[in-house]
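Spelled out, the chains give:
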There are 2 protein chains.
Amino acid sequence: MLSEFELIARYFDRPQAPDGVVKLGVGDDCALLLPPPGQTLAVSTDMLVEGRHFFADADPEKLGHKALAVNLSDLAAMGAKPMAFTLALALPSADASWLAGFAQGLFALADAEGIRLIGGDTTRGPLNLCITVMGSVPEDEALRRDGARAGDDLWVSGTLGDARLALEVLQGKSMLPDHLMALAEERLHRPIPRCALGMALRGIAHAAIDVSDGLLGDLGHLLARSQLGAEIHATSLPAGPALAQQPADSRIDYMLNGGDDYELCFTSPPEQRDAVLSAAASTSTSVSRIGSLKTGAGIQIVDAAGKSLPFTSHSFDHFG
Amino acid sequence: MLSEFELIARYFDRPQAPDGVVKLGVGDDCALLLPPPGQTLAVSTDMLVEGRHFFADADPEKLGHKALAVNLSDLAAMGAKPMAFTLALALPSADASWLAGFAQGLFALADAEGIRLIGGDTTRGPLNLCITVMGSVPEDEALRRDGARAGDDLWVSGTLGDARLALEVLQGKSMLPDHLMALAEERLHRPIPRCALGMALRGIAHAAIDVSDGLLGDLGHLLARSQLGAEIHATSLPAGPALAQQPADSRIDYMLNGGDDYELCFTSPPEQRDAVLSAAASTSTSVSRIGSLKTGAGIQIVDAAGKSLPFTSHSFDHFG
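Residues numbered from 1 in each chain as written. Chains lettered and ligands numbered in written order. Predicted model: local features only at pLDDT ≥ 70, side-chain atom pairs only at ≥ 80, totals over all residues.

## A few points about the relation of the copies chain A and chain B
One copy of the chain maps onto the second through a rotation about an axis and a displacement along it. Operational definition: Superposing the copies works by least squares over the C-alpha atoms of residues that have pLDDT at least 70 in both of them. Contact criterion: two residues are in contact if their C-beta atoms, reconstructed from the backbone, are within 7 Å.
Of the two same-sequence chains, chain A is brought onto chain B (RMSD 0.0 Å, axial shift 0.0 Å) by a rotation of 180°. One copy is carried onto the other by what is essentially a two-fold rotation axis. Interface residue correspondence from chain A to chain B reaches 100%, placing this contact among same-surface, isologous pairings.

## Re the nonpolar core
Where we set the bar: Here, a nonpolar core means buried Ala, Val, Leu, Ile, Met, Phe, Trp, Tyr and Cys residues linked by C-beta atoms lying within 7 Å of one another. To assign burial, the other C-beta atoms lying within 10 Å of each residue's own C-beta are counted, with C-beta atoms placed from the backbone; 20 or more indicates buried, 12 or fewer indicates exposed, and intermediate counts indicate partly exposed.
In this structure, A:Leu33, A:Ala42, B:Leu33 and B:Ala42 are the most contacted members of the largest nonpolar core, which totals 207 residues. Those residues in contact with B:Leu33, other than ones at most four positions away along the chain, are A:Thr40, A:Leu41, A:Val43, B:Val21, B:Val22, B:Lys23, B:Met83, B:Ala84, B:Ile118 and B:Met134.

## Brief notes about the sheet that holds strand E13 (residues 308–309) of chain B
Residue and element names in this part refer to chain B. To be explicit about the condition: Between any two strands, pairing holds if DSSP finds at least two bridges. Counting from the N terminus, the helices are the DSSP runs of H or I reaching at least four residues and the strands are the DSSP runs of E reaching at least two.
The seven strands lie next to each other as E8-E10-E7-E11-E9-E12-E13, forming an open sheet whose pairing is mixed. At either margin of the open sheet sits one strand with a lone partner, and together these are strand E8 (207–211) and E13. Sheet topology note: the strand E9 (residues 229–233)/strand E12 (residues 299–302) ladder contains four bridges and is parallel. Paired with Ala-230 across the two strands is Ile-299, which belongs to E12.

## Quick notes on unusual backbone geometry
Residue and element names in this part refer to chain B. Positive phi outside glycine occurs at Gln-227, with the angle close to 55°. With respect to the helices and strands, Gln-227 occurs in the loop between helix H7 (215–226) and E9. Residue class for Gln-227 comes out exposed when judged on the 12 C-beta atoms lying within 10 Å of it. The phi torsion at Asp-260 lies on the positive side, around 65°, for a residue other than glycine. By secondary structure assignment, the location of Asp-260 is in the loop between helix H8 (248–257) and strand E10 (263–268). Take Asp-260: there are 23 C-beta atoms within 10 Å of it, and that puts it in the buried class.

## Some details on the pairing of strand E10 (residues 263–268) of chain A
Residues and elements named next belong to chain A. Among the six residues of E10, six are classified as buried, and the element is accordingly described as predominantly covered. Here E10 shows a buried face lined by Glu-263, Cys-265 and Thr-267 and a second buried face lined by Leu-264, Phe-266 and Ser-268. Pairing geometry for strand E7 (residues 153–157) and E10, over four bridges, is antiparallel. Each bridged residue has a counterpart across the sheet, and for Asp-153 the counterpart in E10 is Ser-268.

## Concerning helix H3 (residues 96–113) of chain A
Short version of the rule: For a helix, the expected span equals 1.5 Å multiplied by the number of residues minus one.
Its 18 residues place the ends of H3(A) 26 Å apart at the C-alpha level, agreeing with the 26 Å of an ideal helix rising 1.5 Å per residue. Once H3(A) finishes, A:Gly114 follows within two positions and takes phi at roughly 70°, a positive value.

## Let's talk about the packing of helix H4 (residues 162–170) of chain B against helix H5 (residues 178–189) of chain B
Residue and element names in this part refer to chain B. Heads up, the rule is: Between the N-to-C directions of two axes lies an angle of 0 to 180 degrees, each axis being a line fitted to C-alpha atoms and, for a helix, fitted only over the stretch in contact. Should an angle fall under 35 degrees it is taken as roughly parallel, and over 145 as roughly antiparallel, whereas 65 to 115 is taken as roughly perpendicular and any remaining angle as oblique.
Between H4 and H5, the least distance of the axes is 7 Å, while the angle of their chain directions is 110°. In terms of orientation, H4 lies roughly perpendicular with respect to H5. Along its contact with H4, which presents Asp-162, Ala-163, Leu-165, Ala-166, Leu-167 and Val-169, the element H5 presents Met-181, Leu-183, Ala-184, Glu-185, Arg-187 and Leu-188.

## With respect to the environment of A:Gly298
Residue placement: A:Gly298 occurs in the loop between strand E11 (287–294) and strand E12 (299–302). In this structure, the C-alpha to C-alpha distance between A:Gly298 and A:Leu223, residues 75 residues apart in sequence, is 8.1 Å.

## Remarks on the environment of A:Leu143
Residue and element names in this part refer to chain A. Mapped onto the secondary structure, Leu-143 falls in the loop between strand E6 (128–137) and E7. For the pair Leu-143 and Arg-202, spaced 59 residues apart in sequence, the C-alpha to C-alpha distance is 6.9 Å. For Leu-143, the residues in contact, after removing those within four places along its chain, are Ala-77, Met-78, Gly-79, Gly-198, Leu-201, Ala-205, Ala-207, Ala-208 and Phe-266.

## Some words on the environment of B:Gly203
Looking at the element boundaries, B:Gly203 is found in the loop between helix H6 (195–200) and E8. With 59 residues separating them in the primary sequence, B:Gly203 and B:Arg144 have C-alpha atoms 12 Å apart.

## Observations regarding helix H9 (residues 273–282) of chain A
All names here are of chain A. Basically, it comes down to this: Taking the helix axis as origin, the arc is that swept by the directions to the C-beta atoms.
Among all positions in H9, only Val-276, Ala-279 and Ala-280 are buried. Mapping the buried residues of H9 onto a view down its axis gives an arc of 100°, with all of them on the same face. Set apart from the buried face of H9 by more than 90 degrees, the exposed residues are Asp-274, Ala-281 and Ser-282. In this fold, the buried residues of H9 make contact with E7, helix H6 (195–200), E10 and E11. Positive backbone phi, approximately 55°, marks Ser-284, located one or two places after H9.

## Some points on the interface of chain A and chain B
Threshold: Each residue receives one of three labels: charged for Asp, Glu, Lys and Arg, nonpolar for Ala, Val, Leu, Ile, Met, Phe, Trp, Tyr, Cys and Pro, and polar for the others, Gly being one of them.
Of the residues lining the interface, 59 residues belong to chain A; the matching set on chain B comes to 59 residues. Ranked by residue count, the leading element in the side of chain A that touches chain B is strand E3 (residues 40–49) of chain A, at nine residues. Each residue belonging to the side of chain A that touches chain B can be placed in one class, and the counts come to 29 nonpolar, 15 polar and 15 charged. Where strand E2 (residues 31–33) of chain A and strand E3 (residues 40–49) of chain B come together, three bridges link them in antiparallel fashion. Looking across to E3(B), one finds that A:Ala31 is bridged to B:Val43.

## Quick word on the domain arrangement of chain A
Residue and element names in this part refer to chain A. Short version of the rule: Source of the domain bounds: an automatic or database domain assignment.
Segmentation of chain A into domains returns domain 1 (4–140) and domain 2 (144–309). With 16 residues of domain 1 at the interface, the matching set in domain 2 holds 17 residues. Mapped onto the side of domain 1 that touches domain 2, the elements with two or more residues apiece are helix H2 (60–76) and strand E4 (81–91). Considering every element that reaches the side of domain 1 that touches domain 2, the biggest residue donor is H2, with 10 residues. Residues of the side of domain 1 that touches domain 2, tallied by class, amount to eight nonpolar, three polar and five charged.

In structure tokens form, the structure reads like this:
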């Protein structure tokens, strides 16, 4: 059996020289970071638990990717540039092949985003992954939830609902042809954090949130903080390629309430439409204008004729 | 049953205005911090698992204190000033009285150290607490593990071994009179992070580590990073008040290998002895000079006559 320190060294300690940001990495009581002068440090933490956020037999490589991706998605929603992350890991046993796969998925994404693992903790226990990410953003350009204004356009990046569709299939509640399931599973297991888009939206978007628990639920948090309501045009919602071939009712429900999308939902004034489209194009990300913000409270879903549709939020609640 | 968001709001969302450090706290995708200009950000994360780091029936108030204390101890060992922390929490159920007690212990220590909870995550799962702390320290004054020099004095703060003694009693392996057990349990359940001492040692100590897994094991990490050995004078080791009344053999073993002490082990040149004592006095912390650093490798334990004693490290390994 590997000792704890051997485990850390073998899979997670990748010796790297200090750089402009990371002055001291893994191996001391603390890591030392130097954020860009004059910028705020954006910090977010997410915990993933076996049986709750992923299946016990989840592919460790996909899990390594996803654990970091969902945290980076929070930086994206703030418009922050990723800097570094810590990883705390409880494992039922020191399984070398599991760790090798997990580290591969984790570091592939970290390398793609140009960030380093700067510290962590490993212990024995029921499988649990806790990542804390740090990024930088000028304070007055951060995409907060409370910055939306009445009359703002409502936008969402990428597509919605395929992750939920894949989950339903994996749970035996739905069926899909193999080629569509492959597309949908990619969205469930390998979400792409929209960091580049978030940074490109600095100074353009008024407010943003990432869609992790379902569009209606997450938009609800943004609206609550901004004290506004919204109208969503059902026909403008961007269905994922697998979901696009499903019946209209479940299609709209999955886009509104699916969860695990890790897209950005953001607001910006109508005069910034060209700027939003340029930011999207420059970061190779699709965006859809799905509605607008209103005074008052609540979210109205309307069809092409402006008629209100009876969809309501049933956002995922980890204690529901 | 409380919803996840109600849980967070009730126990962990303490609305506070932005201050010089925390520009945005709980409630957005990320928190925003502004570290002091020109200083590095010190970051550490620790995960505590039920059955591994604490008993299933642990007092939640003590657990709240300890979960934060062990993280702050890492900042102390770096000489960093605590700034803020995040908390990720997996809970088997939304137990209001447990949460109230946990929050009380957590925030009492946070308030005493003048730091705020800036973000977090709660989910259902086997009980697991993951805290990430952030502090600030000038890069060239950080108390790293790799800064020790041959000839340095070796120091330790406070006393050692009482936490381990309390654990042995709780596990039924040892017995203590009630008044001594009360002292020992206080050390096990309510460690005091040595943040003030760590900051006072900036510019005085060459290297430091906190003693969490046992003095020999933790000192071994410091020596490995500094590529040195050490000699420890057994008679200079500071026993906790409960341990001081135990037989000599177990007393020395518990001080060397006990774990859960959360004291600082640090090195400084002999010409700084007065400065070390002043730093200790100014922060109302006792310190003991327990040996010195040598070229070569390994740790020798010697008695008053300079004779080598046969104590070896059996440092706690979370996967051992």
